[in-house]
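Structural description and commentary
Residue-level listing of the chains:
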Amino acid sequence: MQEQESLAARPPHGMGGQASTALGRFLRTHGDAVRAEWASTLSERAPDLALERTLLYDALPGFLARLADATPAPGDGAPEPQPCSDEHALQRLEQGLSLEHVVLEYTLLRRALHRGMLRVGLQPGLDELEWLHEVLDRGLARATALYTHVHERMLEALERVSEATLASEDLDGFLPKLLRVLQDAVPPVDGASILLREGDGLRLRAAVGVGANEALAMGVQLGLDEGVSGHVAHARRPLLVHEAARHPELRSELVRQLGVRAAYSVPLEHEGALVGVAHMCSRTVFDFSPSDQLLFRVILTRATNFIVQAELAGRERQARASAQRSLAQLATLLEASPVGIGLLDRELRVQHVNEALARLNGPPVAEHLGRTLREVAPPWAAELLEPLFHQVLDTGQPVSNHEFSRPPRPGVAASHWLGNYYPVRGGEGAVVGLSCVVVDITRQKEVETALRRSGELREQLIGVVGHDLRNPLSAISASATLLRRDGTLSAASQRGVERIRTSAARMARMLNDLLDFARSTHGGLPVQRERVDLHELCRGALEELQVAHPRRRLELETRGHGGGWWDPDRLVQVVGNLVGNALHHGDPDAAVHVRVQDLGDDVALSVHNEGEPIPAALQATLFQPFRPGTTGKAARRSVGLGLYIVQQVARAHGGAVEVHSAPGEGTTFTVRLPRGTDPAGT
């Protein structure tokens, strides 16, 4: 609008700046009516544009007022005509309107002036009319020339942008070419850059000209609210900055060092979303002309579409490459998997099957694809699996751990499989098919059968041996008792007889443990509940143990009520096993402490001994059968069933057993027993 400013500064003709001619008075008095008629006529001629509020519309009041002041009086020489608005033509060019539309607007302005003068009966002189038409013609000529010149520059630049687009495979190759086109199209530009949005910030993606290499090496990144770039991104409007190196919002020390004078920044937008911010700068001029600014905006507006498309294409290529890698990895995994895997659609047609499943079924992979389950599976398998597959498709719920078998045939043993079937869902969650995972468990079934038979044989052997050894062992024990009463035996013979008796008793305990183990593997130990006072039971059991171990100290502590419904023989067995364990493994100079404690609905029986703690590695297996709780001589005194029997007795009563063993604290076994109820219900 520099031309308007020079017109405003021109001294007016006539009387002290007041309109002194009829034309001048008309322009000053009826300027608003002329503008209104011009806008109305333009709206009628171009109703789809709805562009009443244009630079020309906004500039008309001031332009008409200046014309009124500059109207020559009769006999005066005509002053140099002044244009209306150079920027108006650039605005129409940026809006995509043709040059004919610009000419139409000036034509309609001339018409509005003539009709306004006729309406008020004004007949200006020939000199005034010539002067008025010369001013309008000069404005139209300048607008036309400017429109044409900038339009040619724009077409040339856009053609180069299109060439750069076609020659670039990705965004990083395109952006520097785009900036070089801008630099060539706008001669004052010394440098240009583009920052693209990444998440909640802006990152420098391309730069050319002064400071470009340094800025790219720095890897500039800014928040959306930082510096000039952040201001433009937030306001979503172009920003022209004079003396940019001194701008208070500048965050780049490099720009200060380069001494940038003018900087013009434009937001890059696509469908209302911020894409980034572009800058051009100059160290030689303080301002960029409106035509230079227009070129920068238009070229970047056109290029923004490619930037968005290139970013989308890049992400699509990355996603496609990632998907291809994933599919390749999945295909490799499926083919290498020893588990049979297949995919079927809703018609139960095979979409995919790996080699493992094809081998399980029989036909090769190629003969499975596109065929239905009934066409590729044996009839017995199809009859069995079809209902389950339709159940998965109809309910959308998986079927897990389905065991099925093929009966044995002459010369061919039975085969066994484990199947898991899952729904396959589409993008909207609808079930579009199913996947099946099938494992051949024939070998596992054979091993399970062999182990079961081995276990049954072992248990039968233990039961038979334990039962059949009782009679000879009872004879040995009875004979030793009789010999012990014989007063004619020497002291050495008496000691031998005593060893026979104690060894027989230990063997009897081992046999009892073996028989209990055999029973426990068939539904747990049987118990016969009756009313028991655990205080008295423990007292009697300890008295018997004290006789067998006269040199050891056994202590009993009772607290609260000790009554309950338990199997007394089994609890005596528990006390004997736990105290015997403590005597064998504890400190021989320290007492074994037994405590019975009232816990309300439960009673706790604990046995504590001092001595070395049980290693942590052994604590995890203490209650497993045939696992002695220690090593050395003590481990060879039993078959490793004592603590296992304790655990089984506790479980048979609905209770549990636990151990605590730590350095300096000794070892404590605690059996927690629910009090139980009268089995007779009385």
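Conventions adopted
Residues numbered from 1 in each chain as written. Predicted model: local features only at pLDDT ≥ 70, side-chain atom pairs only at ≥ 80, totals over all residues. Heavy atoms only, no water. Helix = DSSP H or I, 4+ residues; strand = E, 2+ residues; numbered from the N terminus. Buried < 20%, exposed > 50% of the residue type's maximum accessible area, 1.4 Å probe, protein only. Pairing = 2+ DSSP bridges. Expected span 1.5 Å × (residues − 1). Polar contact = N/O pair within 3.5 Å; in protein donor to acceptor, adjacent residues only side chain to side chain. Axes fitted to C-alpha atoms, helices over the stretch in contact; angles between N-to-C directions. Contact = heavy atoms within 4.5 Å. pLDDT = per-residue confidence, 0-100. Salt bridge = Lys/Arg side-chain N within 4 Å of Asp/Glu carboxyl O.

Examining the environment of Arg 499
By the element assignment, Arg 499 lies in helix α18 (residues 491-520). Distance in space between the C-alpha atoms of Arg 499 and Ala 480 is 9.0 Å, their sequence separation being 19 residues.

A word on the pairing of strand β5 (residues 262-270)
Of all the 9 residues making up β5, 7 are buried; the element is thus mostly covered by neighbouring parts of the structure. Judged from the 3 bridges that link them, strand β4 (residues 239-241) and β5 form a sheet pairing that is antiparallel. Paired with Leu 239 across the two strands is Ser 265, which belongs to β5. Two elements, β5 and strand β6 (residues 273-282), share 9 bridges in a ladder whose sense is antiparallel. Note that in β6 the partner of Tyr 264 across the bridge is Met 280. Hairpin remark: β5 followed by β6, antiparallel, with 2 residues in the connecting loop; positive phi at Glu 271, about 55 degrees.

Remarks on helix α20 (residues 568-585)
For α20, built from 18 residues, the straight-helix expectation of 26 Å at 1.5 Å per residue is met to within 8% by its first-to-last C-alpha distance of 26 Å. When you tally the buried positions in α20, you get 13 out of 18 residues, the bulk of the element. At the N-terminal boundary of α20, the capping side chain belongs to Asp 567, with an oxygen 3.1 Å from the backbone nitrogen of Asp 569.

Concerning the sheet that holds β6
If you trace the 6 strands from one edge of the open sheet to the other, you get β3-β2-β1-β6-β5-β4, paired in antiparallel fashion. Sheet topology places β3 (221-223) and β4 at the edges, where each strand pairs with a single neighbour. Pairs of neighbouring strands in the sheet enclose a mean axial angle of 25 degrees, with direction left out of account. Strand direction decides the pairing type here: strand β1 (residues 191-198) and β6, joined by 6 bridges, are antiparallel. Opposite Ile 194, over in β6, you have Ala 278 as the bridge partner. Sitting on the sheet, helix α8 (residues 171-185) is in contact with β1 and β2 (201-209), with an inclination near 55 degrees to β2. Of the strands in this sheet, β1, β2, β3, β4, β5 and β6 touch helix α10 (residues 227-235), which is tilted by about 135 degrees from β6.

Section: the confidence of the model for the protein chain
Of the residues in the protein chain, 86% have a pLDDT of 70 or more, and the chain-wide mean is 82. Here residues 1-19 is a poorly scored stretch, pLDDT under 50, and it has 35 contacts once near neighbours within four places are set aside; other chains count. In this model, residues 630-637 is a region of pLDDT below 50 whose contacts with residues beyond four sequence positions or in other chains number 9 contacts.

Overview of the pattern of salt bridges
Counted according to the given criterion, the structure contains 19 salt bridges. Across the salt bridge formed by Arg 374 and Glu 386, the nearest N and O atoms sit 3.0 Å from each other. Placement of the pair is Arg 374 in helix α15 (residues 373-376) and Glu 386 in helix α16 (residues 379-395), with a sequence separation of 12 residues. Taking relative accessible area as the criterion, Glu 386 reaches 18% and is therefore assigned buried. For Arg 539, the salt bridge goes to Glu 536, with nearest N and O atoms at 2.8 Å.

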